[in-house]
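Coordinate inspection notes
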Amino acid sequence: MSKDDNSLAHTRWNCKYHIVFTPKYRRKVIYGKLRADIGRILRRLCELKEVEIIEAHAMPDHIHMLVKIPPKISVASFMGYLKGRSAVIIHERHAHLKYKYGNRSFWARGYYVSTVGLNQKTIEKYIREQEAEDRLQDTISKREYVDPFSKIKPQK
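First, a word on scope: everything that follows refers to the structure included in this document. (Residues numbered from 1 in each chain as written. Predicted model: local features only at pLDDT ≥ 70, side-chain atom pairs only at ≥ 80, totals over all residues. Heavy atoms only, no water.)

Some words on the overall build of the protein chain
Cut-off, in case you're wondering: In this description a helix means any DSSP run of H or I spanning at least four residues, a strand means any run of E spanning at least two, and both kinds are numbered starting from the N terminus. Residue contacts follow a heavy-atom distance rule, with two residues in contact if any of their heavy atoms lie within 4.5 Å. Working definition of accessibility: Shrake-Rupley area with a 1.4 Å probe, residue cover restricted to the visible protein chains.
Within the protein chain, the regular secondary structure consists of four helices and six strands. Contacts in the protein chain between residues far apart in sequence, at least 24 positions, make up 69% of those at least 6 positions apart. Roughly 10,500 Å² of accessible area belongs to the protein chain as shown, and the carbon and sulfur atoms make up 52% of that amount.

In C-alpha cells, the structure reads:
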C-alpha cells in the first residue's frame, strides 16, 4: 500500500491522469485575468467532484492537468462535467466571450488523456516546464522563410 493511495468503502485506489484540453479553435484566450479566473473555476469544479489537482498549468492556448480521479468517476464523465460546467461559468462571468466565441462553446471538442502510472514525477516536470519550452520553440521558429516563388535570391 502506497502513501499515494486513497480509499473508498472497500477500495484502495491511485488513479492519476495527464489531461490536456484546448479552447475552441485553439484561440489564445487563456491569459491575464481570464487565465486566473479559469484556474479558480477548474479548481472549484474539481473540488466538488473530489478530484485532486496534483499539477496544472494554463498555457495561452491549452490547459495541462495532472489529476487524481476517484474510480467511481470515469475520465469521460469527469471531462464532460469539467468542460461543460466551466464553459457555462466562464460565459456567465465573461459575457463578452459569448459574442466572440459563440454561446456556451468555449472549449474545443475532445481532449487528450493518458494514465500516469509510475511516471508521475516526469509528467509533473513536463507540465511545469511546458510554457518555457513553448517560448523557446517560438523564438527558434521566428526566422524568416524565403518565398520559393519569388525570383529574389536570399542574402547570406
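There's more to say after this.
A short note on the pattern of salt bridges
Formally: One speaks of a salt bridge when a side-chain nitrogen belonging to Lys or Arg is within 4 Å of a carboxyl oxygen belonging to Asp or Glu. Type-normalised accessible area, obtained with a 1.4 Å probe on protein chains alone, sets the label of each residue: buried when under 20%, exposed when over 50%, and partly exposed for intermediate values.
According to the stated counting rule, one finds five salt bridges in the structure shown. Residue D37 is joined to R40 by a salt bridge in which the shortest nitrogen-to-oxygen separation is 3.6 Å. Of this pair, D37 and R40 are both found in helix α1 (residues 32-48), three residues apart, which corresponds to roughly one turn of the helix. For D37, a relative accessible area of 7% puts it in the buried group. The shortest N-O distance in the salt bridge between E47 and R44 comes to 3.1 Å. Of the two residues, E47 and R44 both sit in helix α1, three residues apart, roughly one turn of that helix. Look at R44 and you get partly exposed, because its relative accessible area is 46%. One salt-bridge network, held together by shared partners, links D37, R40 and R93.

Some thoughts on the nonpolar core
Put simply, the rule reads: To form a nonpolar core, buried Ala, Val, Leu, Ile, Met, Phe, Trp, Tyr and Cys residues must be joined to one another through side-chain atoms within 4.5 Å.
Ranked by internal contacts, the top residues of the largest apolar core, which has 26 residues, are F21, I38, I63, I69, F78, L82 and W107. Of all elements in the fold, only β3 (16-21), α1, β5 (63-68) and α2 (75-93) reach the threshold of two or more residues within this core. Tallying contributions element by element places α2 first for this core, with eight residues.

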